[in-house]
Amino acid sequence: MKPVYIINGFLGSGKTEFINFTLDQPYFQSSGKTLLLLCEEGEEDYDPYVLKRSKTIVETIEEEADFTPEKMVELEKKYHPERIIIEYNGMWKFRDLRLPWHWKVEQQITTIDASTFPMYFTNMKSMVSDMIRKSEMIIFNRCDGIEDLNTYKRNVKALNQTAEIIFEDQDGEIDEIMEEDLPYDLKADKIVLDDNTYGIWYLDSLDHVDRYVGKTIEFIGMVMKPEEFPKGYFVPGRMAMTCCAEDMTFLGFACVYDKIDLYQERDWVKVTAVVKKEYFADYEGEGPVLYAESVTKAKQPKEPVISFT
């Protein structure tokens, strides 16, 4: 299998800088060649010394119609590379990307210019979403002067809950969500979540579960009963719009409640529960597990689907 690394991004997103940095790492200073497929129009902007040192060959593919498995196999036979890096054009349809059957994607990274992210996410949401969903890492650069990076993170996490998200300014990597930035008081006796804060709490719990261990949470959610869950467990949560009306996902954590048989799938309930951090098989590791103190019947919220926009 031929290892492939895909670097996505939009105009001014820092893809070139990132690939230059990557090629200069020890892993690329080996005897084998690297084939860099540059899916952009215009001049190449790579450090000639780095290309020579890393034995990297650059091939430019200017038209989306020319980026085919047949073309890629032709280039592989021509250069016999040890690995391939694809600098994918952010304006091409990522869902149409097809690779030769014997190429294996080792890692996919998306770089985003934070200063232009709101414009792209608003006007080209479907295109941006396709890239973000498949990426193991999302790098926001040019974050200088941007105050609400929390919103950026929520937008990405709603699409890809497992991605590592990195924010960078001119001085390097920066922290993004501080406790004081959250729209509720972590020191309160009970954290009451509404339509606007449930999604924020859910996504922050994925990254910072220790913030919530031992705290009491109250929210209205829909009952889900996965067949594979142990008896006495269910998932109270909310549907979230991640991209468009046809693209939604259910956000919720496992919850322990010995009287859950009183409720049916898709019932609306008010849950008051204590958060614990435990191993749970469906998480494939540790994560938030709720221990319900009370579960009572509730009315469907006026806006049953939450949004991160």
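Residues numbered from 1 in each chain as written. Predicted model: local features only at pLDDT ≥ 70, side-chain atom pairs only at ≥ 80, totals over all residues. Heavy atoms only, no water.

A.B. asks: I keep staring at the nonpolar core and nothing clicks. Help me out?
C.D. replies: One broad trend across soluble globular proteins is that nonpolar side chains are buried collectively. In terms of nonpolar packing, the biggest core is built from 36 residues, with Leu37, Phe67, Ile86, Tyr88, Ile138 and Phe140 touching the most fellow members. Of all the elements, helix α6 (residues 149-159) adds the most residues to this core, at four residues. With residues near it in sequence (within four places) discarded, leucine 37 still touches Glu59, Phe67, Met72, Leu75, Ile84, Ile85, Ile86, Glu87 and Trp103. Core analysis: the second largest hydrophobic core is formed by 30 residues, Leu186, Phe234, Phe253 and Ile260 among them. (Core = buried A, V, L, I, M, F, W, Y, C linked by side-chain atoms within 4.5 Å. Buried < 20%, exposed > 50% of the residue type's maximum accessible area, 1.4 Å probe, protein only. Helix = DSSP H or I, 4+ residues; strand = E, 2+ residues; numbered from the N terminus. Contact = heavy atoms within 4.5 Å.)

A.B. asks: Would you explain unusual backbone geometry in this entry?
C.D. replies: Excluding glycine, residues mostly have negative phi values, and the peptide bonds linking residues are mostly trans. A positive phi angle is found at histidine 80, which is not glycine, with a value near 50°. Within the element layout of this structure, histidine 80 appears in the loop between α3 (69-79) and β4 (83-87).

A.B. asks: In this structure, what is going on with the side chain of glutamate 76? I would like to understand it.
C.D. replies: Structurally, the position occupied by glutamate 76 is in helix α3. Side chain to side chain, glutamate 76 and tryptophan 103 meet in a polar contact 2.8 Å long. Sequence-distant contacts of glutamate 76, that is, excluding residues within four places in its chain, are made with Lys2, Pro81, His102 and Trp103. (Polar contact = N/O pair within 3.5 Å; in protein donor to acceptor, adjacent residues only side chain to side chain.)

A.B. asks: Is there a simple way to think about helix α5 (residues 125-133) in this case?
C.D. replies: Residues lying three or four places apart along an α-helix face the same way, a consequence of the helix completing one turn every 3.6 residues. Among all positions in α5, only Lys125, Val128, Ser129, Asp130, Met131 and Ile132 are buried. Buried-residue contacts for α5 involve β1 (2-9), β5 (103-113), α4 (117-123), β6 (137-141) and α6.

A.B. asks: Would you take a moment to explain the pattern of salt bridges for this structure?
C.D. replies: It is possible for side chains of opposite charge to pair when their charged atoms get near one another. Evaluated as defined, the whole model comprises 17 salt bridges. Across the pair lysine 78 and glutamate 59 runs a salt bridge, and its minimum N-O distance is 3.9 Å. On the criterion of sequence distance, the pair formed by lysine 78 in helix α3 and glutamate 59 in strand β3 (residues 56-60) is long-range, its members being 19 residues apart. The class for lysine 78 is exposed, based on a relative accessible area of 54%. Under the relative-accessibility criterion, glutamate 59 is labelled buried at 17%. As a salt-bridge pair, lysine 297 and aspartate 267 come within 3.3 Å of each other at their nearest N and O atoms. Residue lysine 297 is located in strand β15 (residues 285-297), and its partner aspartate 267 is located in the loop between β13 (255-256) and β14 (268-280); the two are separated by 30 residues in the primary sequence. Classification of lysine 297 by relative accessible area gives exposed; the value is 56%. Bridged by salt links that share partners, the residues Arg95, Asp130 and Arg133 form one connected network. (Salt bridge = Lys/Arg side-chain N within 4 Å of Asp/Glu carboxyl O.)

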